[in-house]
Amino acid sequence: MQSTASYINIADLKASGKALADAHDLPATGGGCGTHGGEGKASCGSSGGPDDMPQEIWDKVKNHPCYSEEAHHHYARMHVAVAPACNIQCNYCNRKYDCSNESRPGVVSQKLTPEQAVKKVLAVASEIPQMTVLGIAGPGDSLASPKKTFETFRMLQEQAPDIKLCLSTNGLALPDMVDEICKYNIDHVTITINMVDPEIGAKIYPWIFWDHKRVTGVEAARILHERQMLGLEMLTARGVLTKINSVLIPGVNDEHMIEVNKAVKARGAFLHNIMPLISEPEHGTYFGLNGQRGPTAQELKAVQDACMGGANLMRHCRQCRADAVGLLGEDRSSEFTLDKIEEMEVVYDFDRRRSYQDKVETERQAQHAAKLEALAATTGSSADIDDGMKVLVAVATKGGGRVNEHFGHVTEFQVFEVSAKEALFVGHRRVDQYCQGGFGDDEQLPSVVRAINDCHAVLVAKIGACPRDELKGAGIEPVDGYVDEFIEKAALSWFADYRARIAAGETVHIERGDASIRQGAYTAAA
Ligand code: CLF
Ligand code: SF4
């Protein structure tokens, strides 16, 4: 049975966020995070741009969809499932399924040999020229099968030198592999670090396989912790960009996450990605079978907010599968199964890929500039009545940074936190599509409402009468007056209007409740 106990005290976490900022000697209002950049945009975490970091770092992140929030709207990644083995056991993992560090449990991968993997990468690269990153993220641990992992990277470095290489690991074997990682120019490494206190670690890891034997309990967690910290320090010293993934497990490591954030920042981590635990009994994991629940949307956000001011945060992770292909938030892996690849005529045309990516980059820059211009032209700022009020708004978008999707077509809302000063992207919420080709599936509506229940408004291009009423009934304002506008501008304009209505006594501001995070795998496109 699912536990419904609430473990996380959101107010306490907000307070400790200040403590964290103090500990880093940074302003409590943001410092490294949550502040304005030179152009009035959020300058933190994966939202950073060229003005926020040295050129050599920007060159590494600008077209990596996980390391740059903006890039993920334009560039794709793919994973090849060449690493089946694992050297530890996590209580949120069932080895029958993909690695939970970088994928969702419940979706079985087609395991590949290095040769098959390279063939697949070349096929995807020729079909999807904006695919810029190849990651190895399981289905086990990429460094527990080092031969297969590095053989794949070696061949790719030779045959597709323009593709960035990325790997994800639990960190146990990492210190021994740093030379190999650097040898193949693997510029991006993700380490899953869920604790820096072995007592907490013992609740997450029942055992590790270390020095030819199985080690259990606190001793196992201590060894894992030491290896993770050492590996992170070694990568930082060699100039490899590191991202830390942490699985947020309510009641186990939620309040501890601030310590994790501090520890990884001190060791040079570039990004910290705090992800919700995925846990259902049908996954067959220890946590799933024992009623350990994942966090709610507000619990996750509270922990992320409390960590602002520490290591930069990533908030656009989609917890993808170990064989995912495409933009984050979509999965085209079913188009590239081994039998389909056999039938494809694969031409790896470096020049074509480069000219396509040049076009993507030009479009991205134009879009970025247009957005800044639109924001600068936003008049009637309500900054003069800034009393610190912040609300969440959900946005229906199909890309281009604009409000341009019908409510019924949404499978994922973007969520922005809006204040008088700024509209900040804080995450996404997956939902089941309401519109089923000509008619609305009204049974889906309550689950859509639950997914955005902490939002005050939802900005859409169009919405039908039935969902409009359902949202209004739940206290969420459906807004279709900003069609095709840039999201941030639309959100700020709506907020100014909302404030004006409150001031005129037409609207009463009521705090919203919590929202649920939808569990389950992205299914591949048909
Ligand atoms: Fe893959 Fe991970 Fe590299 Fe990205 S995913 S190995 S860093 S290329 Fe990205 Fe997927 Fe989140 Fe991972 S959205 S699960 S953070
Ligand atoms: Fe599963 Fe990955 Fe943990 Fe290994 S490291 S037990 S494959 S989640």
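Residues numbered from 1 in each chain as written. Chains lettered and ligands numbered in written order. Predicted model: local features only at pLDDT ≥ 70, side-chain atom pairs only at ≥ 80, totals over all residues. Heavy atoms only, no water.

1. Some words on the sheet that holds strand S10 (residues 313–314)
By way of backbone hydrogen bonds, the strands of a sheet pair with one another, either parallel or antiparallel.
Phase 1 of the analysis: Taken together, the eight strands give an open sheet; going across it, the order is S10-S9-S8-S5-S4-S3-S1-S11, and neighbouring strands pair in mixed fashion. Only two strands of the sheet have a single partner each, and these edge strands are S10 and strand S11 (325–326).
Phase 2 of the analysis: Across two bridges, strand S1 (residues 76–79) lies against S11 in antiparallel orientation. Residue pairing in the sheet places Arg-77 in a bridge with Gly-326 of S11.
Phase 3 of the analysis: On top of the sheet, helix H7 (residues 217–237) reaches strand S5 (188–192) and strand S8 (241–248); it is set at about 165° to S5, its chief contact. (Pairing = 2+ DSSP bridges. Helix = DSSP H or I, 4+ residues; strand = E, 2+ residues; numbered from the N terminus. Contact = heavy atoms within 4.5 Å. Axes fitted to C-alpha atoms, helices over the stretch in contact; angles between N-to-C directions.)

2. Focus: the sheet that holds strand S16 (residues 477–479)
Phase 1 of the analysis: Within the open sheet, the five strands sit side by side as S14-S13-S12-S15-S16. Their pairing is mixed. Every other strand in the sheet has two partners, leaving strand S14 (423–430) and S16 as the edge strands with one partner each. When the angles between neighbouring strand axes are averaged without regard to direction, this sheet yields 25°.
Phase 2 of the analysis: With five bridges connecting them, strand S12 (residues 391–395) and strand S13 (residues 412–418) associate as antiparallel partners. Bridged to Val-395 within S13 is Gln-414.

3. A word on the pairing of S14
Phase 1 of the analysis: By the criterion of burial, S14 is predominantly enclosed, with eight of the eight residues buried.
Phase 2 of the analysis: Summarising the sheet, S13 and S14 pair through seven bridges and their orientation is antiparallel. The partner of Glu-412 across the bridge, within S14, is Arg-430. (Buried < 20%, exposed > 50% of the residue type's maximum accessible area, 1.4 Å probe, protein only.)

4. Brief notes about a negative patch on the surface
Phase 1 of the analysis: The grouping of Asp-442, Glu-443, Asp-469 and Glu-470 at the surface amounts to a negative patch.
Phase 2 of the analysis: Assignment of secondary structure puts Asp-442 in the loop between S14 and helix H13 (445–451). (Patch = residues over 30% accessible without salt bridge, like charges linked within 9 Å, V, L, I, M, F, W, Y side chains within 5 Å. Areas by Shrake-Rupley, 256 points an atom, 1.4 Å probe, with all protein chains shown as cover. Salt bridge = Lys/Arg side-chain N within 4 Å of Asp/Glu carboxyl O. Lys, Arg positive; Asp, Glu negative; His and termini not counted. Charge placed at Lys NZ, Arg CZ, Asp CG, Glu CD.)

5. Comments concerning empty space enclosed by the protein
Gaps left between atoms show up when a probe the size of a water molecule is rolled over them.
Phase 1 of the analysis: The final tally for this structure, using the stated rule, is four cavities of 30 Å³ or more.
Phase 2 of the analysis: Volume-wise, the largest cavity comes out at about 360 Å³.
Phase 3 of the analysis: In this structure, the largest cavity is lined by 26 residues; those nearest its centre are Pro-276, Leu-300, Cys-317, His-428 and Ile-517.
Phase 4 of the analysis: Contributions of two or more residues to the lining of the largest cavity are made by strand S9 (271–276), helix H10 (297–306) and S14.
Phase 5 of the analysis: If you tally residues by element for the lining of the largest cavity, the top one is S14, at five residues. (1 Å grid on protein atoms, 1.4 Å probe; cavity = no way out; pocket = protein on both sides within 12 Å on 5 of 7 lines; lining within 4 Å. Points joined across faces, edges and corners; volume = space filled by probe spheres on them.)

6. Concerning the packing of aromatic side chains
Phase 1 of the analysis: The tally for this structure, following the rule as stated, stands at eight aromatic pairs.
Phase 2 of the analysis: Seen in terms of ring centroids, Trp-494 and Tyr-498 are 4.8 Å apart; in terms of plane orientation they differ by 20°. Their pairing is stacked. Linking Trp-494 with Tyr-498, this pair stays in helix H15 (residues 487–503), spanning four residues, or about one helical turn. Considered together, Trp-494 and Tyr-498 belong to a single accessibility category, that of buried residues.
Phase 3 of the analysis: An aromatic cluster is defined as three or more aromatic residues linked by ring pairs; in this entry it consists of Phe-150, Phe-153 and Tyr-184.
Phase 4 of the analysis: In this arrangement the basic side chain of Arg-214 is found over the ring face of Trp-207, its NZ or CZ atom lying 3.8 Å from the centre.
Phase 5 of the analysis: Lying across the ring of Phe-486, Arg-402 places its NZ or CZ 3.9 Å from the centre. (Phe/Tyr/Trp six-rings, centres within 6.5 Å; stacked < 30°, edge-to-face > 60°. Lys NZ or Arg CZ within 6 Å of the ring centre and 35° of its normal.)

7. What to know about the nonpolar core
Phase 1 of the analysis: The biggest cluster of nonpolar side chains holds 60 residues, and the ones touching the most others in it are Val-80, Met-131, Leu-134, Phe-153, Ile-181 and Ile-186.
Phase 2 of the analysis: With seven residues, helix H3 (residues 114–127) is the largest single contributor of residues to this core.
Phase 3 of the analysis: Other than its neighbours up to four places away in sequence, Met-131 contacts Ala-76, Arg-77, Met-78, Val-121, Val-124, Ala-125, Ile-163, Arg-353 and Gln-357.
Phase 4 of the analysis: Ranked by size, the runner-up nonpolar core spans 33 residues in total, among them Cys-90, Met-195, Ala-221 and Leu-271. (Core = buried A, V, L, I, M, F, W, Y, C linked by side-chain atoms within 4.5 Å.)

8. Description of the packing of H3 against helix H4 (residues 146–159)
Phase 1 of the analysis: Axis separation between H3 and H4 bottoms out at 9 Å; the angle between their running directions is 40°. For the element pair H3 / H4, the angle class is oblique. Classified by chirality, the crossing of H4 by H3 is right-handed. Between H3 and H4, the residues in contact are Pro-114, Glu-115, Ala-117, Val-118, Val-121 and Leu-122 and Lys-148, Glu-151, Thr-152, Met-155, Leu-156 and Gln-159, respectively.
Phase 2 of the analysis: Residues belonging to the contact of H3 with H4 are distributed by class as follows: seven nonpolar, two polar and three charged. (Parallel < 35°, antiparallel > 145°, perpendicular 65-115°, else oblique. Left-handed = near helix turned anticlockwise from the far one by under 90°. Nonpolar A, V, L, I, M, F, W, Y, C, P; charged D, E, K, R; others polar.)

9. Comments concerning the side chain of Lys-164
Phase 1 of the analysis: For Lys-164, the location among the structural elements is in strand S4 (residues 164–169).
Phase 2 of the analysis: Of the side chains with opposite charge, Asp-187 comes closest to the buried, unpaired Lys-164, at an N-O distance of 6.5 Å.
Phase 3 of the analysis: For Lys-164, the side chain forms a polar contact with the side chain of Asn-63, separated by 2.7 Å.
Phase 4 of the analysis: Ignoring anything within four residues of it in the chain, the contact list for Lys-164 reads Asp-59, Lys-60, Asn-63, Thr-132, Val-133, Leu-134 and His-188. (Polar contact = N/O pair within 3.5 Å; in protein donor to acceptor, adjacent residues only side chain to side chain.)

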